[in-house]
Amino acid sequence: MTLGTDIAKKIADVVDKDIHVMHVCGTHEAAISKYGIRSVIPPEFKIVMGPGCPVCITPQGEIDASCELAERGCIVCTYGDLLRVPGSKTSLEHVNGDVRIVQGIAKAVEIAKENPTKEVVFISVGFETTVPTVAATLLCKPPENFSILVSHRLVPPVMKWLMAQGESKLDGFILPGHVCAVMGYHEYEQFKVPQVVAGFEPEDILLGLLMIAEQVENGEAKVENAYPRVVSREGNVKAQKLMADVFTPTDVEWRGFPVIPDSGLKLKPEFECYDAQKKFDLVYAKVTKKAGCICDKVLRGLAEPSDCKLYGKACTPRIPVGPCMVSHEGACRIWYQYSRKQ
């Protein structure tokens, strides 16, 4: 008997009622779908997707602003996942401008140095995981023709919002291993609900699910760590300091959500010279969602990708209608890729 099979059997022994668990990490959904985790746990134990894909929750107004920068002659540097996310009129893939895929901010700075007469803008998206490298780069004072469009989001505030709404019955959370590697898990102790930090191997995820099931069974509500080889309670304190030196929390909108207090980041005044929104006087327009697309419900754990009438028909990874079909961390894209295991 393999370790995974053994853990799955223990889950079946523990679960004797309906349990709904949400994860807030696109990489967790990819692993759950790839390895068929849902097929080896009791049907009463339901895993729902949350807002764990940073590309998916980037509001359409910010996508439109990115396209506007390209149309105005800037060199726009972006992660590949953001390229096909549809704006209200076009996407970065089809916009009339100079858009370049980069692995990270360091390459964007290099492009700025190579093109001193051009404005270069890095579309800085991601949860807490990607923020420290951005902060470290800005502390090194990149060239004046370089700036970033800040589109970072923080996980704990959106979890707080989800629990406050009570839209979906949630008995616990699988916490994001990558985010917790940077931030630790002490921030999540404010939530009185079963929570477990999990890694990304199938055995990691199954162990996390077992630990949550045991908490529910025992009437407990605490944070446990099933990923101690990478995550500690305190996290990476040096990385957190870098973030605090450069950024400060701010109220921001999430796609599929309203404005959530202190759920995003903005540059501190001494770094606003690198703020592309201020530098180019950009306005983030409020955009009505595409008719028929239910990405907002998928991101809030209220629906599965296959519930959407557009899924796999009018909406595919090559021609996406909504952002969840674009990113490799998007639930619709993941289900489309691994549908044989659903």
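Below you will find a few notes about this structure.

About the thresholds
- Residues numbered from 1 in each chain as written.
- Predicted model: local features only at pLDDT ≥ 70, side-chain atom pairs only at ≥ 80, totals over all residues.
- Heavy atoms only, no water.
- Pairing = 2+ DSSP bridges.
- Helix = DSSP H or I, 4+ residues; strand = E, 2+ residues; numbered from the N terminus.
- Axes fitted to C-alpha atoms, helices over the stretch in contact; angles between N-to-C directions.
- Contact = heavy atoms within 4.5 Å.
- Salt bridge = Lys/Arg side-chain N within 4 Å of Asp/Glu carboxyl O.

## A few points about the sheet that holds strand 3 (residues 75-78)
- Reading across the sheet, the 4 strands line up as 4-3-5-6 and stay open at both edges, with parallel pairing between neighbours. Two strands close off the open sheet at either side, each with one partner strand: strand 4 (98-101) and strand 6 (146-152). Pairs of neighbouring strands in the sheet enclose a mean axial angle of 25°, with direction left out of account.
- Of the strand pairs in this sheet, strand 3 and strand 5 (residues 120-126) are connected by 3 bridges, and their pairing is parallel. Paired with Cys77 across the two strands is Phe122, which belongs to strand 5.
- Docked against the sheet, helix 3 (residues 60-71) engages strand 3, strand 4, strand 5 and strand 6, running at close to 165° with respect to strand 6.
- Docked against the sheet, helix 5 (residues 131-139) engages strand 5 and strand 6, running at close to 155° with respect to strand 6.

## Some details on the pattern of salt bridges
- Considering all chains together, one arrives at 14 salt bridges under this definition.
- The shortest N-O distance in the salt bridge between Arg318 and Glu93 comes to 2.6 Å. In this pair, Arg318 sits in the loop between helix 11 (295-299) and helix 12 (331-337) while Glu93 sits in the loop between strand 3 and strand 4, placing the two residues 225 residues apart along the sequence.
- Across the salt bridge formed by Glu189 and Arg233, the nearest N and O atoms sit 2.9 Å from each other. Of the two residues, Glu189 sits in the loop between helix 7 (177-183) and strand 8 (195-198) while Arg233 sits in the loop between strand 9 (223-225) and helix 9 (237-246), which places them 44 residues apart along the sequence.

Function-wise, these values are silent; they only describe arrangement.
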